[in-house]
Amino acid sequence: MKYLLLNDIEYVFHTKKKILFLVLILPIVFILINHTSLSILDVIHLSIGTRFDSNNYTIIELIMFALNIVVALFLVVDIYVKDIDYHLDNIFLRLPPKKWYIDKTLCFSILILTIKSIQYLLIFITLFILKKNPLFSEVFYLLIYDYVYIMFLQFLYLFIYVVTSVFLKNKIITIGFFLVLFSIIPKNISTLGTKIFMLMLIIFIITYINTIIFDHKNKKIIENL
């Protein structure tokens, strides 16, 4: 697992620098532009898109919400597929496919938490320098909500990706299924509250089902990627 984690960290921070730059720096830019006209909490939500309302939103909220979702979905597929594309023999000679998937999922969860934590830390530091001192508890809870929400979307997409790889072999259908489900999922991350526990349960169930599917259908999944 240590090898997988270090490999993923090195891969993301060296080959996806432009994507990380956007995710980490754009919120800071929007904070610098809007910090004088909005409250502390409002400027945080605006800069990350965590209070997105499909019926009432600004262009900045749309950009940041969409950026977070698109980057999250790109990373979840890219991180899993790159091992199969480039390290298939090296990894599966040492690990059974099921063990690889479980370890990979844990590593990926840690990686996304690391990226999110850096994003929120930079926001907190920026506001502190601007003498806009946010409550640590508010930022921390928002980080947890944001992280769980993003993980939920990532694993939901991964579940659809795995299932369609086994049965349908069509990535357009994968995207279509996800978009249909995404259209009915709440998008205002800041209002999740106790729903966060339901999302965590769904993540666990999806991961368990994915593990079973990968354990029994790993050859077919790998062939169709």
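Preceding this section is the structure that the text describes.
Numbering of residues begins from 1 in every chain and follows the order in which that chain's sequence is written. At least 70 in pLDDT is required for a residue's local features to be given in this predicted model, at least 80 for side-chain atom pairs to be given and counted, and no such filter applies to totals for whole chains, interfaces and linings, which use all residues. Side-chain numbers come from the whole structure's heavy atoms, not from hydrogens or water.

Trainee: What should I look at first to understand the overall build of the protein chain in this one?
Mentor: Secondary structure elements follow DSSP: runs of H or I of four or more residues count as helices, runs of E of two or more count as strands, with numbering from the N terminus. The helix and strand inventory of the protein chain stands at 9 helices and 0 strands. Exposed residues in this analysis have more than 50% of their type's maximum accessible area, buried residues have under 20%, and partly exposed residues fall in between, with area computed by a 1.4 Å probe over protein chains only. Residues counted as buried form 48% of the 225 residues belonging to the protein chain. Taking the intrachain contacts of the protein chain between residues at least 6 apart in sequence as the baseline, contacts between residues at least 24 apart amount to 77%. For the protein chain, the accessible area works out to roughly 11900 Å², and carbon and sulfur atoms hold 71% of it. The contact criterion used throughout is that any non-hydrogen atoms of two residues lie within 4.5 Å. Surface exposure here means Shrake-Rupley accessible area, sampled with a 1.4 Å probe, where a residue is shielded only by the protein chains that are shown.

Trainee: I tried to follow the side chain of Asn188 on my own but got confused; where do I start?
Mentor: Relative to the assigned elements, Asn188 resides in the loop between helix H8 (171-184) and helix H9 (195-224). What makes Asn188 buried here is its relative accessible area of 18%. Polar contacts involving the side chain of Asn188 include one to the side chain of Ser190, which spans 2.6 Å. Contacts of Asn188, omitting those with residues within four sequence positions, involve Thr50, Arg51 and Phe52. Within 3.5 Å is the distance limit for a polar contact, defined as a pair of N or O atoms, with the added protein rule that one can donate a hydrogen and the other accept it, and that residues adjacent in sequence qualify only through two side-chain atoms.

Trainee: Would you mind showing me how to read the pattern of salt bridges here?
Mentor: Close approach of charged atoms allows side chains of opposite charge to pair. In the sections that follow, a salt bridge refers to a side-chain nitrogen of Lys or Arg positioned within 4 Å of a carboxyl oxygen of Asp or Glu. Counted according to the given criterion, the structure contains 4 salt bridges. Of the charged contacts in the structure, one is a salt bridge between Asp103 and Lys99, with a shortest N-O distance of 2.6 Å. Here Asp103 and its partner Lys99 are both found in helix H6 (residues 97-129), 4 residues apart, which amounts to about one turn of the helix. On the basis of relative accessible area, Lys99 is assigned to the partly exposed category, the value being 39%. With its nearest N and O atoms 2.9 Å apart, the salt bridge here joins Lys116 to Asp146. One end of the pair, Lys116, is in helix H6; the other, Asp146, is in helix H7 (residues 136-167), and 30 residues separate them in sequence. Here Lys116 matches Asp146 in class, with each residue buried.

Trainee: Hey, could you run me through the packing of aromatic side chains in this one?
Mentor: Where two aromatic rings form a pair, the distance of their centres and the angle of their planes describe that pair. Each Phe, Tyr or Trp ring, with Trp reduced to its six-membered ring, pairs with another whose centre is within 6.5 Å; inter-plane angles below 30 degrees give stacked pairs, above 60 give edge-to-face pairs, and intermediate values give tilted ones. Enumeration according to the criterion identifies 10 aromatic pairs in this entry. Aromatic side chains Phe65 and Phe182 sit 6.2 Å apart centroid to centroid with 20° between the ring planes, which places their arrangement in the stacked category. Of this pair, Phe65 sits in helix H4 (residues 59-86) while Phe182 is found in helix H8, placing the two residues 117 residues apart along the sequence. The burial state of Phe65 is the same as that of Phe182; both residues are buried. Aromatic rings pair up to connect Phe52, Tyr57, Phe65, Tyr157, Tyr161, Phe178 and Phe182 into one cluster.

Trainee: Help me understand the nonpolar core, please; the structure alone is not making it clear to me.
Mentor: Considering soluble globular proteins, one finds that nonpolar side chains tend to be buried as a cluster. For our purposes a nonpolar core is just a set of buried Ala, Val, Leu, Ile, Met, Phe, Trp, Tyr and Cys residues, chained together by side-chain atoms within 4.5 Å. Within the largest apolar cluster, 57 residues are counted, with the highest numbers of intra-cluster contacts made by Tyr80, Phe108, Tyr149, Leu153, Phe155 and Phe178. Elements with a minimum of two residues in this core: helix H1 (2-15), helix H2 (17-34), H4, H6, H7, H8 and H9. Top element by residues in this core is H7. It accounts for 16 residues. Leave out the neighbours within four places in its chain, and Phe155 touches Tyr80, Thr105, Phe108, Ser109, Ile203, Ile206, Thr207 and Asn210. Core analysis: the next-biggest nonpolar cluster, separate from the first, contains 11 residues, Ile48, Tyr120, Leu127 and Val139 among them.

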